[in-house]
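Okay, here's what each chain looks like letter by letter:
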Amino acid sequence: MTNMLRVNEIFVSIQGESTYAGQLCGIIRLSGCNLRCRYCDTRYAYDDYFLATVDEICNQIGQYQTPLLLLTGGEPLLQEESYELMDRLSCLGHTVLLETNGSIDISRVPSGVVKIVDIKCPGSGESQQICWKNLERLAPSDEVKFVISNQEDLEWATQIVAHYQLGKVCRVLFSPAFGWIKPSTLAEWIINHHLPVRLQLQLHKIIWGKEARGR
Ligand code: SF4
């Protein structure tokens, strides 16, 4: 079947992550992921899906009338049609955010889409999958995100930020893996090391709890 995407869910909520956190946001979650992070909180998106065309997705998300849209997963870039979808949503006048796990080349993502790129720390168990070339493909409007599970991750992420001067490239987010490390540990580390990063808490989990779906 051509031009169909595997979609896990489409809903409207408050954007929970990135510097756009707190804003009303239409969310499209595509199904399937090539990684298996230890702390993954969206395992339900690995295999569950319904099929929809780009047109159908645009119509459904359009009903929410939100200027801000998020394309997430799973890993959205595994599906070829995701590029057409981002293009169409941008052309409709939305601000489109793409959350991607950082293992796939982001150079074909349409310009104008805000790329929020994970840099997988060792605690994820998937740091060997990082596509390091992506760090050369970031725009100032993009964001990189480190999900921190433990002290080793904190030290590793700090070294990567310094080595690649990421604070001068784009916005940098440090996010505690929910339930693995205390937010206060990250906050104190950022203060003590004067890091050019932003502490990010997963707002949707604070509001609705860590098991909530469609939120
Ligand atoms: S990349 Fe995201 S969706 Fe995929 S396993 Fe890791 S946390 Fe889960």
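In the block above lies the structure referred to throughout.
Each chain has its residues counted from 1, following the order in which its sequence is written. The predicted origin of the model limits local features to residues at a pLDDT of at least 70 and limits the giving and counting of side-chain atom pairs to 80 or more, whereas totals for whole chains, interfaces and linings rest on all residues.

Participant: Describe the site of the ligand, and please don't skip the residues or the numbers.
Facilitator: Here is the check we use: build the C-beta atom from the backbone, and if it is within 6 Å of the molecule or strand, call the residue near. Every residue near the ligand is listed here: C33, L35, R36, C37, C40, T42, G73, G74, E75 and N101. Note on residue classes: Ala, Val, Leu, Ile, Met, Phe, Trp, Tyr, Cys and Pro are nonpolar, Asp, Glu, Lys and Arg are charged, and everything else, Gly too, is polar. The class makeup of the residues in the shell around the ligand is 4 nonpolar, 4 polar and 2 charged.

Participant: Can you break down the packing of helix α1 (residues 54-62) against helix α2 (residues 81-91) residue by residue, with the values?
Facilitator: With their axes 10 Å apart at the nearest point, α1 and α2 run at an angle of 40 degrees to one another. In terms of their interaxial angle, α1 and α2 are classed as oblique. Where α1 crosses over α2, the two elements pack in a sense that is right-handed. Every residue of α2 that contacts α1 at V54, I57 and C58 is listed here: E81, E84, L85, R88 and L89. Here the residues of the contact of α1 with α2 sort into 5 nonpolar, no polar and 3 charged. To obtain each axis, a line is fitted to C-alpha atoms, and for helices this fit is confined to the stretch in contact; angles are then taken between N-to-C directions over 0 to 180 degrees. Secondary structure counts use DSSP, requiring at least four H or I residues in a row for a helix and at least two E residues in a row for a strand, with both numbered from the N terminus. By the definition adopted for this analysis, an angle is roughly parallel if under 35 degrees, roughly antiparallel if over 145, roughly perpendicular if from 65 to 115, and oblique otherwise. Left-handed describes a crossing whose near helix is turned anticlockwise from the far helix by less than a right angle; the clockwise case is right-handed. C-beta atoms are placed from the backbone for every residue, and two residues are taken to be in contact when these atoms lie within 7 Å.

Participant: Before we move on, could you go through the nonpolar core and cite the residues and values that matter?
Facilitator: Judged by nonpolar contacts, the single largest core of 41 residues is most densely connected at L69, V96, L98 and I148. In this structure, I148 is in contact with C121, D153, L154, A157, F174, S175, P176, A177, I181 and L186, ignoring residues within four places of it in sequence. We call a set of buried Ala, Val, Leu, Ile, Met, Phe, Trp, Tyr and Cys residues a nonpolar core when their C-beta atoms link them within 7 Å. Field definition: a residue is buried when 20 or more other C-beta atoms are found within 10 Å of its C-beta, exposed when 12 or fewer are, and partly exposed for counts in between, with C-beta atoms placed from the backbone.

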